[in-house]
Structure formats: C-alpha cells, structure tokens
Amino acid sequence: MAKAKVTEKNIKLILQGSMGKAILALAVPVVINSFLQTMYNLTDTYWLGQLGTNELAAINLVSPLQQIVVNFGSGLTVAGAVLIAQLIGASKKEEAASMASQIFVCAMIFSIICAGVIAIFTPTVVNWLGADEPTAKVANVYRIVILDMPFLYMVNIFAAIRQAQGDTVSPMFLNLTGILLNVILDPLLMIVIHWGAAGAALATVIAKAVPAMISLVILKRDTTGVRIRLKGFRFEKSKMKSILTVGLPTAIGGSTMQLGFLLMSRNVYVYGTGAMAAYGIGNKVNGLITLPSNGIG
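Keep in mind the model is a prediction, meaning the values are calculated, not measured.

Rules and cut-offs
- Residues numbered from 1 in each chain as written.
- Predicted model: local features only at pLDDT ≥ 70, side-chain atom pairs only at ≥ 80, totals over all residues.
- Heavy atoms only, no water.
- Helix = DSSP H or I, 4+ residues; strand = E, 2+ residues; numbered from the N terminus.
- Contact = heavy atoms within 4.5 Å.
- Areas by Shrake-Rupley, 256 points an atom, 1.4 Å probe, with all protein chains shown as cover.
- Core = buried A, V, L, I, M, F, W, Y, C linked by side-chain atoms within 4.5 Å.
- Buried < 20%, exposed > 50% of the residue type's maximum accessible area, 1.4 Å probe, protein only.
- Phe/Tyr/Trp six-rings, centres within 6.5 Å; stacked < 30°, edge-to-face > 60°.
- Lys NZ or Arg CZ within 6 Å of the ring centre and 35° of its normal.
- 1 Å grid on protein atoms, 1.4 Å probe; cavity = no way out; pocket = protein on both sides within 12 Å on 5 of 7 lines; lining within 4 Å.
- Points joined across faces, edges and corners; volume = space filled by probe spheres on them.
- Nonpolar A, V, L, I, M, F, W, Y, C, P; charged D, E, K, R; others polar.
- Polar contact = N/O pair within 3.5 Å; in protein donor to acceptor, adjacent residues only side chain to side chain.
- Expected span 1.5 Å × (residues − 1).
- Bend = angle between axes of the 7 residues up to and from the residue.
- Axes fitted to C-alpha atoms, helices over the stretch in contact; angles between N-to-C directions.
- Parallel < 35°, antiparallel > 145°, perpendicular 65-115°, else oblique.
- Left-handed = near helix turned anticlockwise from the far one by under 90°.
- pLDDT = per-residue confidence, 0-100.

**Focus: the overall build of the chain**
Counting its regular elements, the chain contains 10 helices and 0 strands. Long-range contacts, defined here as pairs at least 24 residues apart, represent 81% of the contacts in the chain between residues at least 6 apart. Within the structure as shown, the chain displays about 14,300 Å² of accessible surface, and the carbon and sulfur contribution to it stands at 69%.

**Details of the nonpolar core**
Membership of the largest hydrophobic core comes to 60 residues, with the highest contact counts inside it found for Ile-84, Tyr-142, Met-149 and Ile-161. When contributions to this core are tallied by element, the ones reaching two or more residues are α3 (53-89), α4 (93-128), α5 (133-142), α6 (149-164), α7 (169-192), α8 (196-221), α9 (237-268) and α10 (273-296). Ranked by residues supplied to this core, first place goes to α3 with 14 residues. For Met-149, the residues in contact, after removing those within four places along its chain, are Gln-66, Val-69, Ser-111, Cys-114, Ala-115 and Ile-118.

**Things to note about the packing of aromatic side chains**
A full pass over the atoms with the stated rule returns 4 aromatic pairs. Pairing Phe-110 with Tyr-153 gives two aromatic rings, centres 6.1 Å apart and planes at 40°, and the pair type is tilted. Taken together, the residues span a long stretch of sequence, with Phe-110 in helix α4 and Tyr-153 in helix α6 at a distance of 43 residues. Since its relative accessible area comes to 3%, Tyr-153 is described here as buried. Judged by centre distance (5.1 Å) and plane angle (85°), the rings of Phe-233 and Phe-235 are edge-to-face. Residue classification places Phe-233 among the partly exposed positions, given a relative accessible area of 23%. Sitting over the face of the ring of Tyr-40, Lys-208 holds its NZ or CZ atom 4.8 Å from the ring centroid. A cation over an aromatic ring shows up here: Arg-266 above the ring of Trp-128, its NZ or CZ 4.5 Å from the ring centre.

**Remarks on empty space enclosed by the protein**
Vacant regions in the atomic arrangement are exposed by a probe of water-molecule size rolled over the atoms. In this structure the tally under the stated criterion is 1 cavity of 30 Å³ or more. Size it by volume and the largest cavity reaches roughly 40 Å³. In this structure, the largest cavity is lined by Gln-37, Tyr-40, Phe-151, Leu-152, Val-155, Asn-175, Lys-208 and Pro-211. Elements supplying a minimum of two residues to the lining of the largest cavity: α2 (19-51), α6 and α8. The element that contributes the greatest number of residues to the lining of the largest cavity is α6, accounting for 3 residues. A breakdown of the residues in the lining of the largest cavity according to their chemical character gives 5 nonpolar, 2 polar and 1 charged.

**Here we look at the side chain of Ser-63**
Within the secondary structure, Ser-63 sits in helix α3. Residue classification places Ser-63 among the buried positions, given a relative accessible area of 9%. A distance of 2.8 Å separates a polar side-chain atom of Ser-63 from the backbone oxygen of Ile-59.

**Notes on α7**
The terminal C-alpha atoms of α7 lie 34 Å apart, and with 24 residues this matches the ideal 34 Å at 1.5 Å per residue to within 8%. Along its length, α7 reaches its greatest deviation from straightness, about 25°, at Leu-185, and the proline Pro-187 lies no more than four positions downstream. Every buried residue of α7 is accounted for by Pro-171, Met-172, Leu-174, Asn-175, Gly-178, Ile-179, Asn-182, Leu-185, Asp-186, Pro-187, Leu-189 and Met-190. Of the residues trailing α7, His-194 is marked for its positive phi of about 65°.

**Some words on the packing of α6 against α8**
As a packed pair, α6 and α8 sit with axes 8 Å apart at the nearest point and diverge in direction by 40°. Looking at the two axes, α6 sits oblique to α8. Pair α6 / α8 crosses with left-handed handedness. Along its contact with α6, which presents Phe-151, Leu-152, Met-154, Val-155, Phe-158 and Ile-161, the element α8 presents Val-205, Lys-208, Ala-209, Pro-211, Ala-212, Met-213, Ser-215, Leu-216, Ile-218 and Leu-219. Grouping the constituent residues of the contact of α6 with α8 by class yields 14 nonpolar, 1 polar and 1 charged.

**A few points about the confidence of the model for the chain**
Per-residue confidence for the chain averages 84 on the pLDDT scale, and 88% of its residues sit at or above 70. Confidence scores differ between elements of the chain, with helix α1 (residues 2-16) showing the lowest mean pLDDT of 51 and α8 the highest of 94.

Printed below as a string of structure tokens:
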C-alpha cells in the first residue's frame, strides 16, 4: 500500500508538479541505480587486481563482450519504460501489463541465447584480441560471469516497468541488495576459498540472481501496479513492432560503442598485459564520470 502511494505521488508530480522537482525525484535514484550496477564490475576489478596483472587484464577482455549484449538490451529497457508509461498515461493498465509481458519474454529469450553464444566464443575472441596464455586462461575461467546475463536483464526489465510507473526507488534498493551480496561473496570465494577468477565470476552471478528472483516475484504478484502474465503467453505482432521501433536505435547505438571498446582492446594489448589492465581501469573511471549525464538522459 505504501509503495502504491509513493508511485501515485510520483505520477502526480510528473503530470502536475514542478518539472525541476520531478526530474530530481526521478533522475537521482536512476543515477544511483546506474552507479550500483557498475559496482559489480568495480568490485570484481578490485579483488582481481589483488591477485595480479593477468587477472586484472582478463576481466577487461571479457567485460566488453558482455557489455555489447547488455547495452543492446538497454534498447528493450528504454522501449519498456517509454511504451508502458504511454499506456499508463492513457489509462490502459491491461495493455500496459500485456506490453510488460511481451518485453519480459523477449528479454529473457534474447539474454539466454546471447549468454550461451558468448560463453562458447569467448576463448576465440580472447585469442583474437592477442591475450598471452596466462591471461587467456584467466579470461576463459572468468567467462562464467556471462551466465549472469538473464538475471541482469530481469532486474533491468523490472526497473523499466517500475520507472514507467514513477517508481525509481525500488530498483535502486534491489540493486543495492545485490551489491552488498557481491561485496561479501567476492573476498569469500576468491580469497578465503581460493577460487580466484572463478570465485569472482560466481560471486557476481549469485549476487545478481538473488535480486532477479525477487524482481520476478514482485512482477508476477504486484496487485497495485503493472504486473507480467506468463500463463498462456503469446507474442503480439503489433507490440513487437512497437518495441523494435522504439528500442532498436538505442540498442544499436549502445552496442556499437562497446564494440569500439572491444576493437580498441586489441590495439592496446599490443603493448602488453599491464597496458591492458590500465586501459580497463581508465574505462571504468570514465564510466563513473559519465554516470550522471546518462542517468538524467
């Protein structure tokens, strides 16, 4: 009930309140949420850096591969937030629920297929990037982290559906739960149990799986807002067309940028493992700097 009141308050603020207050109320939690999502990778980077340069370079070889698909999926997130918000604004709650279900199923199918494909071809790509044998070995172990992709998509779709209803706080706290788990599990699995890169990857997968399962339960049981319905699900051509029309430009733009980072990695690795490790750290710092503009945008 309290969540419903907060959502109604935010919707009223958007439609009738001050534009400045609306932007701050909605954008600040989104920026914080974006920062929390980057913390998964930053936490792994910190602990792998404690193990050595090869481990630090390895994560920077695998991450761009993962981010290409993640950024492409951001198109689904954008489409979800926009289309669901339009339907809610038009007082078409049932249509909004149907649209949410279409987007959710599309995201799950896409993420599972991509996770499998990337897991299979990671060794080939890592060798093409020019990794030496020790770094390539770590990178091929760390690719376990790619299995988190369906969970990441699940949380992102949850965020899109909640944000379309004016609720930017719930996704933020959900990601905070995952980050706290990752902060605990990383040193436990990597250092205490001595699983190294595999421990870092497994910690991230578990830390994302927990909030993903929570988000799925909320989306299926939500009685006050938009919820997904998977029983008797069928693809709807008109809704699929709308999703592609709205989301595809963002998807292509985001994934193309990450492809550029991947290609740059090949050039950087010519200068050695240390250069690759430093380049990856620089990209993460740059990502943190641009977070506020991405969140508000």
